[in-house]
Amino acid sequence: MGLTNFPNGISSFGMPLPSGSIPATTGKFWFVDSVTGSNGNRGDRSDEPLATIVKAITLCTAAKGDTILCLPGHTEAVIAAGTIALSKSSVRLIGLGTGRARPVITYTTAAAASVNISGANVLVENMVFSGIGVASVTAMINITAADVTVRRCEIEHADATNQAVLGILTTAAATRLTVEDCQFHGTGNAGTVAAMRIVGGNDHRIRGNTCIGDYTTTLGFIDNVTTACRNVFIEGNKIFNRTAASAVAMTFVATSDGMISRNYMQVLTGTAPIVGANMSWVGGNYYAATDATAGTLI
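Below: a short report on this structure. (Residues numbered from 1 in each chain as written. Predicted model: local features only at pLDDT ≥ 70, side-chain atom pairs only at ≥ 80, totals over all residues. Heavy atoms only, no water.)

1. Focus: the overall build of the protein chain
- From N to C terminus, the protein chain includes one helix and 30 strands.
- On C-alpha atoms alone, the protein chain measures out to a radius of gyration of 20 Å, which is about the 19 Å that the 2.2 N^0.38 rule sets for 298 residues.
- Across its three principal axes, the protein chain shows a C-alpha extent of roughly 60 × 40 × 35 Å.
- Residues classed as buried in the protein chain amount to 52% of the 298 residues present.
- Considering only contacts in the protein chain between residues 6 or more positions apart, those separated by 24 or more positions represent 71%.
- Carbon and sulfur atoms make up 55% of the accessible area of the protein chain, which amounts to about 11500 Å² in all.
- Of the side chains in the protein chain, 19 bear a positive and 19 a negative charge, and the two mean positions are spaced by 6 Å. (Helix = DSSP H or I, 4+ residues; strand = E, 2+ residues; numbered from the N terminus. Rg over C-alpha atoms; globule rule 2.2 N^0.38 Å. Buried < 20%, exposed > 50% of the residue type's maximum accessible area, 1.4 Å probe, protein only. Contact = heavy atoms within 4.5 Å. Areas by Shrake-Rupley, 256 points an atom, 1.4 Å probe, with all protein chains shown as cover. Lys, Arg positive; Asp, Glu negative; His and termini not counted. Charge placed at Lys NZ, Arg CZ, Asp CG, Glu CD.)

2. As for the packing of aromatic side chains
- Throughout the structure, instances matching the rule amount to two aromatic pairs.
- Judged by centre distance (5.6 Å) and plane angle (65°), the rings of Phe184 and Phe221 are edge-to-face. Remark: Phe221 occurs in strand β21 (residues 220-224) and Phe184 occurs in strand β17 (residues 183-186); sequence separation between them is 37 residues.
- Judged by relative accessible area, Phe221 falls into the buried class, the value being 0%. (Phe/Tyr/Trp six-rings, centres within 6.5 Å; stacked < 30°, edge-to-face > 60°.)

The structure is reproduced here in structure tokens:
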């Protein structure tokens with residue numbers, strides 16, 4: 001194969017070697033920029049970007065490791081269920097930039113507005129999802145496929161005007177889910193039930209996330225419902241359920257199993273911030289039940 005055009009024709013053994021944290025791939029790179037892009041452009045060059053992620057997805061080939069690079073300052077509106085649908089396997093959606101210079105996905109028009117991930121092995125990294133443009137978004141990101149990774153993303157789920165019901169919603173088909181180093185946050189306004197609702201699936205890894213919001217008092221950051229999970233690891237998260245009289249930071253179906261370790265949890269009442277009769281609390285979990293108090297080791 002020829003040299004990749006990203007960054008400027010570097011390869012090893014025929015494999016493009018992009019710079020920074022962007023993973024190497026034998027697939028193609030597609031560039032997206034709502035500021036300078038056009039869906040009539042080639043899209044495979046940074047100086048001829050496409051205008052939308054939606055268009056870039058149509059150009060990706062499943063199972064090849066194609067990568068969509070969203071340039072700093074890109075914005076895109078989600079206006080209906082599955083407006084952005086990552087349905088092709090092994091596609092990577094990666095945002096460039098830091099802070100709010102990162103690409104921002106906004107939710108408008110309908111409560112059903114969503115980003116849907118139904119392709120296996122999809123990676124979403126360094127994106128901002130702002131679910132406060134319309135009232136009561138049902139679920140900002142729906143995940144229905146195996147081996148999906150959401151990494152280093154910001155998920156804004158509430159402000160004084162609008163609150164999304166859920167940040168992430170999965171189905172039992174979404175096994176081996178990884179959510180890591182993400183920021184979930186909302187203002188002190190009720191309406192968001194949980195940052196993540198997990199319905200079944202096994203071998204999940206939820207680690208290194210920060211989460212603050214006014215969640216349902218008995219649910220918190222993670223709400224595992226309906227179907228038990230097996231071999232789940234919940235580690236290194238910082239969680240604040242700041243609803244008045246909140247008692248829970250995470251909850252699991254009674255028969256779910258796995259390990260919960262090194263989490264730091266703030267609730268506002270009670271002594272049992274973790275609900276999950278069959279989960280193993282293997283150590284290093286601290287909680288406080290009152291603002292401005294030292295944590296207690298569980």
